[in-house]
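Each chain, letter by letter, is given below.
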Amino acid sequence: MKIRDVFFHGIYQLVKEGEDIVVVSSDLGAPSLDCFRKDFPNRFINVGIAEQNLIAVASGLQLAGKKVVAYGLNPFPVTRAFDQVRNLMASLQIPITLTALNAGTCSADAGYTHMPIENIAVLRTLKNVQILNPSDEITIRKLLREIVENPKPRYVQFDKFIEGSLYSESDICCEKGFATKNQNCKVVIVSSGIMAHNLMKSKVPAKIIDCFSLPIQEEEFVKELNGCKQVITVEDGVLPGGIGSMVLEILSDFNVAVPVKRFGLRFCQGYPERYVNREMVFHEQGLTIAEIERYVHEVNGE
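Computed from a prediction, not measured in an experiment: that's the story for all the values here. (Residues numbered from 1 in each chain as written. Predicted model: local features only at pLDDT ≥ 70, side-chain atom pairs only at ≥ 80, totals over all residues. Heavy atoms only, no water.)

Asks: Mind laying out the sheet that holds strand 12 (residues 260-265), listing which residues take part and the relevant values?
Replies: Taken in spatial order, the 5 strands line up as 7-9-8-11-12 in an open sheet, and their pairing is mixed. Whereas interior strands pair on both sides, the edge strands pair on one side only; in this sheet they are strand 7 (179-181) and strand 12. Each strand axis lies, on average, 20 degrees off the axis of its neighbour in the sheet, ignoring direction. The strands touched by helix 12 (residues 289-299) are strand 8 (187-191), strand 11 (230-238) and strand 12; relative to strand 11, the strand with the most contacts, the crossing angle is about 165 degrees. (Pairing = 2+ DSSP bridges. Helix = DSSP H or I, 4+ residues; strand = E, 2+ residues; numbered from the N terminus. Axes fitted to C-alpha atoms, helices over the stretch in contact; angles between N-to-C directions. Contact = heavy atoms within 4.5 Å.)

Asks: I'd love a proper account of the packing of aromatic side chains, names of residues and values included.
Replies: In this structure the tally under the stated criterion is 8 aromatic pairs. Arranged with centres 5.1 Å apart and planes meeting at 85 degrees, the rings of F7 and F8 form a pair that is edge-to-face. The class for F8 is buried, based on a relative accessible area of 0%. For the pair F7 and F158, a centre-to-centre distance of 5.3 Å together with 45 degrees between the ring planes defines the contact as tilted. Linking F7 in helix 1 (residues 3-16) with F158 in strand 6 (residues 154-158), this pair joins segments that are 151 residues apart in sequence. Judged on exposure class, the residue F7 and its partner F158 are both buried. An aromatic cluster of at least three residues, connected via ring pairs, comprises F7, F8, Y71 and F158. Directly above the aromatic system of F263 lies the positively charged group of K261, at a separation of 5.4 Å from the ring centroid. K261 extends its terminal NZ or CZ atom over the ring of Y295, reaching a point 5.8 Å from the ring centre. (Phe/Tyr/Trp six-rings, centres within 6.5 Å; stacked < 30°, edge-to-face > 60°. Buried < 20%, exposed > 50% of the residue type's maximum accessible area, 1.4 Å probe, protein only. Lys NZ or Arg CZ within 6 Å of the ring centre and 35° of its normal.)

Asks: Before we move on, can you summarise the sheet that holds strand 4 (residues 97-101) with the specific residues and values?
Replies: Taken together, 7 strands build an open sheet; the order of strands is 2-1-3-4-6-5-10 and the sheet is mixed. Each edge of the open sheet carries a strand with a single partner, namely strand 2 (44-46) and strand 10 (213-214). Strand direction decides the pairing type here: strand 4 and strand 6, joined by 5 bridges, are parallel. Its bridge partner being in strand 6, L101 is matched across the sheet by F158.

Asks: Would you mind going over the environment of A50 in detail, with residue names and values included?
Replies: Within the element layout of this structure, A50 appears in the loop between strand 2 and helix 3 (51-63). Distance in space between the C-alpha atoms of A50 and S26 is 6.0 Å, their sequence separation being 24 residues.

Asks: Break down helix 7 (residues 137-149) for me, with residues and values.
Replies: Over its 13 residues, helix 7 runs 19 Å from end to end, which matches the ideal 18 Å to within 8%, given 1.5 Å per residue. Of all 13 residues making up helix 7, 10 are buried, and the element is well covered by its neighbours. Taken as a whole, helix 7 has its buried residues at E137, I138, T139, I140, K142, L143, L144, E146, I147 and V148. As for helix 7, its buried residues are in contact with helix 1, strand 3 (67-73), strand 4, strand 5 (130-132) and strand 6. Two or three places before I138, at the opening of helix 7, D136 has a side-chain oxygen 3.4 Å from that residue's backbone nitrogen. (Expected span 1.5 Å × (residues − 1). Polar contact = N/O pair within 3.5 Å; in protein donor to acceptor, adjacent residues only side chain to side chain.)

Asks: Requested: an account of the pattern of salt bridges, with residues and values cited.
Replies: Counted by the stated rule, this structure contains 17 salt bridges. D20 is paired through a salt bridge with K66; the nearest N and O atoms lie 3.4 Å apart. Highlighted residues: D20 in the loop between helix 1 and strand 1 (21-25) and K66 in the loop between helix 3 and strand 3, separated in sequence by 46 residues. Look at K66 and you get partly exposed, because its relative accessible area is 28%. Where D34 meets R37, a salt bridge forms, and the shortest distance between an N and an O atom there is 2.8 Å. Pair noted here: D34 and R37 are both in helix 2 (residues 34-39), with a separation of 3 residues, about one helical turn. According to the relative accessible area criterion, D34 is partly exposed, its value standing at 40%. Shared partners join several salt bridges into a network, and the residues in it are D20, R43 and K66. (Salt bridge = Lys/Arg side-chain N within 4 Å of Asp/Glu carboxyl O.)

Asks: So what's going on with the nonpolar core? Which residues, and what values?
Replies: If you look at the biggest cluster of nonpolar residues, it comprises 60 residues, and the most contacted ones within it are F7, F8, I11, F36, I189 and V234. Counting residues per element, this core draws most heavily on helix 1, at 8 residues. Each of two domains, domain 1 (3-158) and domain 2 (174-299), supplies a minimum of three residues to this core. If you look at the next biggest cluster of nonpolar residues, it comprises 41 residues, including A90, V129, F221 and V222. (Core = buried A, V, L, I, M, F, W, Y, C linked by side-chain atoms within 4.5 Å. Domains from an automatic or database assignment.)

As structure tokens, this is what we get:
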């Protein structure tokens, strides 16, 4: 099941069990929301294509005692409503869960305007907002419990091409913010979302650190790098301010000297002027799994 549908099916079940949750949408639905709207019509509010109002209405409902999930189409809940996210979620720390369909280049076929490739970099500037870019269903199921048991300002983006489970429940610690696969490798790849998902399904000979929740526990992260000979960061987003920047900041702050290679979106020739798909973007930007595997083998001297 797609991770968005796992999430909203879970919300439906929680409300059915008595949780006081309201879904506020900026004119966006989903097959997984159809039963929710039908069975709980007073718990679904459509504010129209107005992302600033999405955050404002959701915040008001939260202050009135509801648990609120806001839902919109990326990148607009971040780029159009950054002032509301900054002041209501980050500054006042109103604990709404802001969710959005599309992550990175998954909507490339709709053009550059619909690619939320800057969202993580932008939101990393807000220290009081948890940023989630999940790579599988288990992470989403763990998040559902967190929404009920530990309300806080959260942003969750759903990549529409991610489905299935890669972890067990015990692998996911929301407080730590990352999970690790292939412990015994000396090359470390740090990633999240679709890139972590694809890398974990590949045979790349590297330890993979999936930073599904930012900010991560930095001390624990540095421990994971102990003894590694190369760090590679891979992200379906712009390089400035993203996962690669985060890793470089942590290494600098902890005085750790290790080579870092960053893979991400550079768009050196400018943003795409034509409608393309994700595969074309990855090929043009050197973000294919084959290219990353080739580089890892090169580092390993193979």
